Amino acid sequence: MVESSGNEFALRMVNIEKYFGPVRALKNINLEVGSNEIVGLIGDNGAGKSTMVKILTGVFLPTSGELWVGGRKVDLSSYNVKRAHEYGLETVYQDKSLGEKQALWRNFFIGRQIANRFGFIDVKKEKEIASEIMLNTIGFRGRGITVDSKVNKLSGGERQGVAIGRAMHFEAEIIVLDEPTVALSLKEVRKVLNFVHQIKAAGKACIYISHSLADVYEISDRFVVLDRGEVVANIVKKDIGLKELDEFLLDYAHGLKDREES
Ligand SMILES: Nc1ncnc2c1ncn2[C@@H]1O[C@H](COP(=O)(O)OP(=O)(O)OP(=O)(O)O)[C@@H](O)[C@H]1O
Ligand SMILES: [Mg+2]
């Protein structure tokens, strides 16, 4: 059993395997995420991180294994992206998660429109809620951004914030972020990291994937290291410093290289 800051698991992957044709992309993956835990998922290119995310969020089905979300065993035969939302799992992709030319308020309600009693979209209500999310969940204040602003006017970090705010408002229990800071400036990266701190403060769970170790280190409670489809280390933050974690990963990579050469 791994340590977690919550008293129950938000998520468990049990003996998950994934083949792409003959290629075994994930081998016997066991992962647990506490209900208010931020887990940093680290590993080289091609290690299988995004494949894990896609299995969690219903994009791919695993070849075998079990998935448990919030104490419930997922029926994989009918699992998909929509079901994942119903289980309280949300993911934020780098750019495709937001409609470019849409007004912000519309963006909060894609796939979950509020209808008025005539069956039309309740624009007033949707704008009110969007405005509430922007002020209270993501804290957009006085930056000249309103619910009517177009998405393409937002910076990369702000877009991530909108997507995270949307996920938090619609009561995602677990928010999965796969490389949310790619192509962002340092200032924008800071915004995204602050949003992840807000996920923690709101009592939710998060899986955070990034090649930037300092970022992962800052926001995570625990690190899970993936190498060529396998979990090779599981380290609680209090047991390791950033420098040590960096050295551990380097040593690990060198060890593998030495073994290959011998
Ligand atoms: N749809 C697919 N079809 C076939 N092979 C795939 C598919 N998706 C991923 N793979 C393979 O699975 C392995 C893991 O890929 P994955 O994208 O999960 O890695 P990653 O850890 O996210 O890497 P990166 O850090 O570069 O994003 C790779 O060898 C990749 O080529
Ligand atoms: Mg990836």
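Asks: How should I be thinking about the site of ligand 1 in this particular structure?
Replies: The full set of residues close to ligand 1 is Phe20, Ala25, Asp44, Asn45, Gly46, Ala47, Gly48, Lys49, Ser50, Thr51, Phe60 and His211. Between ligand 1 and Gly46, the relevant distance is 2.8 Å, taken from an oxygen atom to a main-chain nitrogen or oxygen of the residue. Contact distances for ligand 1 include 3.2 Å between an oxygen atom and a backbone N or O atom of Ala47. Within the complex, 59% of the 630 Å² of free accessible area of ligand 1 lies under protein. Among the elements that line the shell around ligand 1, the one with the most residues is helix H1 (residues 49-56), at three residues. Of the residues belonging to the shell around ligand 1, the class tally is four nonpolar, six polar and two charged.

Asks: Sorry if this is basic, but what is going on with the sheet that holds strand E10 (residues 230-236) here?
Replies: Spatial ordering of the open sheet is given by E6-E7-E8-E3-E9-E10, a layout of six strands whose pairing is mixed. Lying at the two open borders of the sheet, with one neighbouring strand each, are strand E6 (89-92) and E10. Shown here is a sheet whose adjacent strand axes are inclined to one another by a mean of 20°, direction ignored. Both strand E9 (residues 222-227) and E10 contribute to a ladder of six bridges, which runs antiparallel. Each residue of the ladder has a partner; that of Val225, found in E10, is Ala233.

Asks: Which parts of the structure should I look at to understand helix H5 (residues 156-169)?
Replies: Residue pairs spaced three or four apart in an α-helix point in one direction, given the helix's 3.6 residues per turn. Compared with the 20 Å implied by 1.5 Å per residue over 14 residues, the 20 Å span of H5 between its first and last C-alpha is a close match. Counting buried positions along H5 gives twelve out of 14 residues, so the element sits mostly inside the fold. All of the buried residues along H5 are Gly157, Glu158, Arg159, Gln160, Gly161, Val162, Ala163, Ile164, Gly165, Arg166, Ala167 and Met168. Each element contacted by the buried residues of H5 is listed here: E6, helix H3 (104-107), helix H4 (123-137), strand E7 (174-178) and helix H6 (186-201). Two residues or fewer past H5, Glu171 is found with a positive phi of approximately 60°.

Asks: Looking at this structure, I do not really get the domain arrangement of the protein chain. What am I missing?
Replies: Reports of interface size often rely on the accessible area that becomes lost once the parts have come together. Segmenting the protein chain into domains produces domain 1 (9-95 + 171-261) and domain 2 (99-153). Here domain 1 packs against domain 2, burying approximately 330 Å² in sum over the two surfaces, 41% of which is carbon and sulfur. Here domain 1 is connected to domain 2 by zero salt bridges. For the pair domain 1 and domain 2, the number of links is zero residue pairs in polar contact (both at pLDDT 80 or more). Ranked by residue count, the leading element in the side of domain 1 that touches domain 2 is H6, at three residues. Broken down by class, the residue content of the side of domain 1 that touches domain 2 amounts to one nonpolar, one polar and two charged.

Asks: So what exactly am I meant to see when it comes to the environment of Gly48 here?
Replies: Within the secondary structure layout, Gly48 lies in the loop between strand E3 (38-42) and H1. Exposure remark for Gly48: the relative accessible area of 9% places this residue in the buried category. Taking the C-alpha atoms as reference points, Gly48 and Ser35, separated by 13 residues in sequence, lie 23 Å from one another. The residues touching Gly48, leaving out its near neighbours within four places in the chain, are Leu26 and Leu226.

Definitions and limits used
- Residues numbered from 1 in each chain as written.
- Chains lettered and ligands numbered in written order.
- Predicted model: local features only at pLDDT ≥ 70, side-chain atom pairs only at ≥ 80, totals over all residues.
- Heavy atoms only, no water.
- Near = heavy atom within 4 Å.
- Polar contact = N/O pair within 3.5 Å; in protein donor to acceptor, adjacent residues only side chain to side chain.
- Areas by Shrake-Rupley, 256 points an atom, 1.4 Å probe, with all protein chains shown as cover.
- Helix = DSSP H or I, 4+ residues; strand = E, 2+ residues; numbered from the N terminus.
- Nonpolar A, V, L, I, M, F, W, Y, C, P; charged D, E, K, R; others polar.
- Pairing = 2+ DSSP bridges.
- Axes fitted to C-alpha atoms, helices over the stretch in contact; angles between N-to-C directions.
- Expected span 1.5 Å × (residues − 1).
- Buried < 20%, exposed > 50% of the residue type's maximum accessible area, 1.4 Å probe, protein only.
- Contact = heavy atoms within 4.5 Å.
- Domains from an automatic or database assignment.
- Buried area = accessible area lost by both parts, 1.4 Å probe.
- Salt bridge = Lys/Arg side-chain N within 4 Å of Asp/Glu carboxyl O.

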